[in-house]
Amino acid sequence: MVERFSFELSAVDGAARIGVIHTPRGEIRTPAFMPVGTAGTVKAMMPESVRATGADILLGNTYHLMLRPTAERIAALGGLHRFMNWERPILTDSGGFQVMSLASLRKLTEEGVRFASHIDGSKHLLTPERSMEIQRLLGSDIVMAFDECPALPAEDKVVAESMRMSMRWARRSREAFGDRPGYALFGIMQGGVTRDLREESAAALREIGFEGYAIGGLAVGEGQEAMFGVLDYAPGFLPEDRPRYLMGVGKPDDIVGAVERGVDMMDCVLPSRSGRTGQGWTRRGSVNLRNARHRDDPRPLDEACSCPACRQYSRAYLHHVVKADEIIGSMLLTWHNLQYYQDLMAGLRAAIAAGRLAAFVAEFHATRAEGDIEPL
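The text that follows walks through the structure, step by step, so that each part is easy to find.

The rules we used
- Residues numbered from 1 in each chain as written.
- Predicted model: local features only at pLDDT ≥ 70, side-chain atom pairs only at ≥ 80, totals over all residues.
- Heavy atoms only, no water.
- Pairing = 2+ DSSP bridges.
- Helix = DSSP H or I, 4+ residues; strand = E, 2+ residues; numbered from the N terminus.
- Salt bridge = Lys/Arg side-chain N within 4 Å of Asp/Glu carboxyl O.
- Buried < 20%, exposed > 50% of the residue type's maximum accessible area, 1.4 Å probe, protein only.
- Axes fitted to C-alpha atoms, helices over the stretch in contact; angles between N-to-C directions.
- Phe/Tyr/Trp six-rings, centres within 6.5 Å; stacked < 30°, edge-to-face > 60°.
- Lys NZ or Arg CZ within 6 Å of the ring centre and 35° of its normal.
- Expected span 1.5 Å × (residues − 1).
- Arc of directions from axis to C-beta.

## A look at the pairing of strand β7 (residues 104–108)
Then, in step 1: Pairing between β7 and strand β8 (residues 113–116): three bridges, direction antiparallel. The residue of β8 that forms the bridge with Lys107 is Arg114.
Then, in step 2: Here β7 folds back onto β8, and the loop between the two strands holds four residues.

Printed below as a string of structure tokens:
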């Protein structure tokens, strides 16, 4: 069992990389997709089921957990790992994005953000120091620096001012985090879609020094083309010997494109949220199980998938339970979607290791272009 956090690269193929993040709670194979357990649970899944899909790490959310059940209560009950019955690594985001997107009556100052809870209207102040305290109480293995993420599109002046404040907050986060062997603090690059601002942000973060670095402020309305445009250069601004985390991404083709461009970690609510709305992600693209074309179809959702939804149930059954709003529909489709995402990551890792990423990506896009199987 390792005592410190470290990152080990094992192979590259173009800009893409594979490696391992070593933590006291276990290894994280990269490129890694992190299922989102916002409030201490991946919705519609048991922790052991999430692990069975191949997930090495989960993401928790500071904003939601600080409001309910509170970080202090979770700490008193033994920390987030014990609380949610997940003994492997956990990454927690800083809460900044959710404050900006969910909270009401928020007021942003140099100190931090004052806001009213979306749950009960209670008043709170979230600062870099308080975010570090909450994440320490939760016991998360990877802690994110507190930052602001402006929605795009936005004027360069607005993006620049926001980024520079986030860099000041990053330094305060680093100081408040302190010396915690075995735990990691990640800084978050901002700067919108402007290369000079991204480079300035990365330089500020490197000067402060972090165990890992995130690329924030993307997948917030700019579109895939603009996001890939940033990813063509932004990972190269960050240290090669530290993990690179693209926050809040994304769809399968977003993930493949990000890995091609040197990203090591990603997270997104999409596979679990889609599972609760009757959407399944497959090698041939997304499938809407609410569609009547599936009601008499005895075939599996994806014949190449090993999840319970595909091994043990038909499209007809999935259609039925989704239309009837049965809980098992959310459970089965969420498991399937998470399995598909983890299978995709395993395929990417194997392709990079073999030096055949370009062929893997070409096959990925060609199979998706075929579309879903023909109806019976």
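So, next bit.
## Considerations on the pattern of salt bridges
Then, in step 1: Evaluated as defined, the whole model comprises 23 salt bridges.
Then, in step 2: Linking Arg261 and Asp232 is a salt bridge whose minimum nitrogen-to-oxygen distance equals 2.8 Å. Placement of Arg261 in the loop between α10 (252–260) and β14 (265–268) and of Asp232 in the loop between α9 (224–231) and β13 (244–246) is noted, with a sequence separation of 29 residues between them.
Then, in step 3: Look at Arg261 and you get partly exposed, because its relative accessible area is 22%.
Then, in step 4: The class for Asp232 is exposed, based on a relative accessible area of 55%.
Then, in step 5: Taken together, the salt bridges that share partners define one network made up of Arg29, Arg51, Asp56 and Arg88.

## Re the sheet that holds strand β2 (residues 16–23)
Then, in step 1: With antiparallel pairing, three strands are arranged side by side in an open sheet as β1-β2-β3. A strand with exactly one partner marks an edge of an open sheet, and here the two such strands are β1 (6–13) and β3 (26–30). Put simply, the sheet's adjacent strands are angled 15° from each other on average, direction ignored.

## Let's talk about unusual backbone geometry
Then, in step 1: Residue Pro31 is bonded to the preceding Thr30 through a cis peptide linkage, with omega at 0°.
Then, in step 2: On the secondary structure map, Pro31 appears in the loop between β3 and β4 (32–35).
Then, in step 3: Pro69 follows Arg68 through a cis peptide bond whose omega is 10°.
Then, in step 4: Unlike most non-glycine residues, Asn85 shows phi in positive territory, near 60°.
Then, in step 5: Mapped onto the elements, Asn85 comes out in the loop between α4 (80–84) and β6 (90–93).
Then, in step 6: Notably, Asp325 is not glycine yet its phi reads approximately 55°, a positive angle.
Then, in step 7: Inspection of the secondary structure puts Asp325 in the loop between α13 (315–323) and α14 (327–354).
Then, in step 8: Classification of Asp325 as exposed rests on a relative accessible area of 61%.

## Let's talk about the packing of aromatic side chains
Then, in step 1: Counted under the stated rule, the structure contains eight aromatic pairs.
Then, in step 2: Between Tyr233 and Phe237 the ring centres are 5.6 Å apart and the planes differ by 45°, which places this aromatic pair in the tilted class.
Then, in step 3: On the basis of relative accessibility, which here comes to 12%, the residue Tyr233 falls in the buried class.
Then, in step 4: Taken together, Phe33, Tyr340 and Tyr341 form an aromatic cluster joined through their ring pairs.
Then, in step 5: Here the basic side chain of Arg180 rests over the ring of Tyr183, its NZ or CZ set 4.2 Å away from the ring centre.
Then, in step 6: When the ring centre of Phe228 is taken as reference, the NZ or CZ atom of Arg261 above it lies at 4.1 Å.

## Digging into the sheet that holds β7
Then, in step 1: A sheet is described by the order of its strands in space; here three strands give the open sequence β7-β8-β9, paired in antiparallel fashion. Looking at the sheet topology across the chains shown, the edges are occupied by β7 and β9 (123–126). Neighbour-to-neighbour, the strand axes of this sheet turn through a mean angle of 15°, independent of strand direction.

## A closer look at helix α8 (residues 195–208)
Then, in step 1: Taking 1.5 Å per residue as the helical rise, α8 with its 14 residues ought to reach 20 Å, and the 20 Å between its terminal C-alpha atoms agrees with that figure.
Then, in step 2: Those residues of α8 lying buried are Leu197, Arg198, Ser201, Ala202, Leu205 and Ile208. An end-on view of α8 places all buried positions within 135° of arc, on one side of the element. For α8, the exposed residues lying more than 90 degrees away from the buried face are Asp196 and Glu207.

Spatial relationships are all this shows, so hold off on functional conclusions.
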